[in-house]
Amino acid sequence: NFFHKILLMMQRKGTMLVFMDPDMLLVNNIADLQKETSFDVAVTVRDYVKMPINAGFFAISGTSNVTLVDKMFSDMIDVSKNLSTVFADQIALHTVFNCEGHSKIHRVSLESGLKVLCLPASIYNASPRDIHTKITKSTKILHFKGDRKLYQIKVHDLLKKKSPKAALRFAMSI
């Protein structure tokens, strides 16, 4: 399948595949993730009991086990295909991955052997005015959900002016 071909090509080049929602902006470098070799998949974890893993950001390592990643996607599809909710993706992520704790980076190995890197959403998936993910100076990716989408253009304009610090300051003030 198409995704399998992308994974194989990514592995040959040793690159990382990152999925981000269109309402997200990269405000700081994430090259540190590229250097990580001890994971197959990375997800963001937040302080939200109902949906601790947010689907906005998802990364697959260039050193991932393609067979295990294929199985993981298959498992997520199986979980979500019978759900009739807008949050089916997040329910599937929470069901398939066992990431507990949101304040620091940690690793989980699933029974299948898949190595999961659990990343704090406050760094890799933070939202302005969100009680579950606080923006800090260390935030690398901003997620503009709901009515906060209105501010994405202003933050993008600040980033175009080569001012990530100003972009973060503005996002914190929203």
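This text follows the structure it describes.
Since this is a predicted model, take the numbers as computed values, not measurements. The residue count restarts for each chain, going from 1 along the sequence in the order it is written. Selection of residues for local features in this predicted model requires a pLDDT of at least 70, selection of side-chain atom pairs for listing and counting requires 80 or more, and totals for whole chains, interfaces and linings are taken over all residues. Note that the side-chain values use all heavy atoms of the structure and ignore hydrogens as well as water.

Topic: the nonpolar core
Note the threshold: Definition used in this section: a nonpolar core is a set of buried Ala, Val, Leu, Ile, Met, Phe, Trp, Tyr and Cys residues joined via side-chain atoms within 4.5 Å. The cut-offs for exposure are 20% and 50% of the maximum accessible area for each residue type, with area from a 1.4 Å probe on protein chains only; residues under the lower value are buried, those over the upper are exposed, and the others partly exposed. Helical segments are the DSSP runs of H or I of at least four residues, strand segments are the runs of E of at least two, and each set is numbered from the N terminus. For this analysis, residues touch if any pair of their heavy atoms sits within 4.5 Å.
Among the nonpolar cores identified, the biggest contains 23 residues, and Val43, Phe58, Met72, Phe97, Leu114 and Val116 are the most heavily contacted of them. Sorting the residues of this core by element identifies helix 1 (2–13), strand 3 (41–45), strand 4 (53–60), helix 3 (66–80), helix 4 (88–96) and strand 6 (115–120) as the ones contributing at least two each. Aside from chain neighbours lying at most four places away, what touches Val43 is Ile53, Phe57, Phe58, Leu93, Phe97, Cys99, Val116, Leu117, Cys118 and Leu119. Membership of the second largest hydrophobic core comes to 13 residues, among which are Ala166, Ala167, Leu168 and Ala171.

Focus: the environment of Asp147
In this fold, Asp147 is placed in the loop between strand 7 (141–143) and helix 6 (152–160). Residue classification places Asp147 among the partly exposed positions, given a relative accessible area of 48%.

A closer look at helix 6
To keep things clear, this is the line we draw: By definition, the arc is the one covered by directions from the helix axis to the C-beta atoms.
Taken residue by residue, helix 6 has Gln152, Val155, Leu158 and Leu159 as its buried positions. The arc that holds the buried residues of helix 6, viewed along the axis, is 125 degrees, so those residues lie on one side. Exposed side chains of helix 6 directed beyond 90 degrees from the buried face belong to Ile153 and Lys160. Elements in contact with the buried residues of helix 6: strand 2 (24–26), strand 7 and helix 7 (164–173). Lys162 occupies a position one or two residues after helix 6 and carries a positive phi of about 65 degrees.

What about the pattern of salt bridges?
Which entries qualify depends on this criterion: Each reported salt bridge corresponds to a side-chain nitrogen of Lys or Arg within 4 Å of a carboxyl oxygen of Asp or Glu.
Under the criterion given, the structure shown has nine salt bridges. Ionic pairing is found between Glu36 and Arg107, a salt bridge with its closest N-O pair at 2.5 Å. Here Arg107 lies in strand 5 (residues 106–109) and Glu36 lies in the loop between helix 2 (31–35) and strand 3, a separation of 71 residues in the sequence. Note on Glu36: relative accessible area 22%, which makes it partly exposed. Here Asp147 ties to Arg129 by a salt bridge, and the two come within 3.2 Å at their closest N and O atoms.

Regarding the pairing of strand 6
What counts here: Only strands joined by at least two bridges in the DSSP assignment are considered to pair.
The buried fraction of strand 6 amounts to five of the six residues, a majority that puts the element mostly inside the structure. Pairing analysis gives five bridges linking strand 3 to strand 6, with the strands arranged parallel. Paired with Val45 across the strands is Pro120, a residue of strand 6. As defined by bridge partners, strand 5 adjoins strand 6 across four bridges and the pair is classed as antiparallel. Within the sheet, the bridge partner assigned to Arg107 lies in strand 6 and is Leu117. Following strand 5, the chain reverses through five residues before pairing antiparallel with strand 6; Gly113 in that reversal takes a positive phi of roughly 105 degrees.

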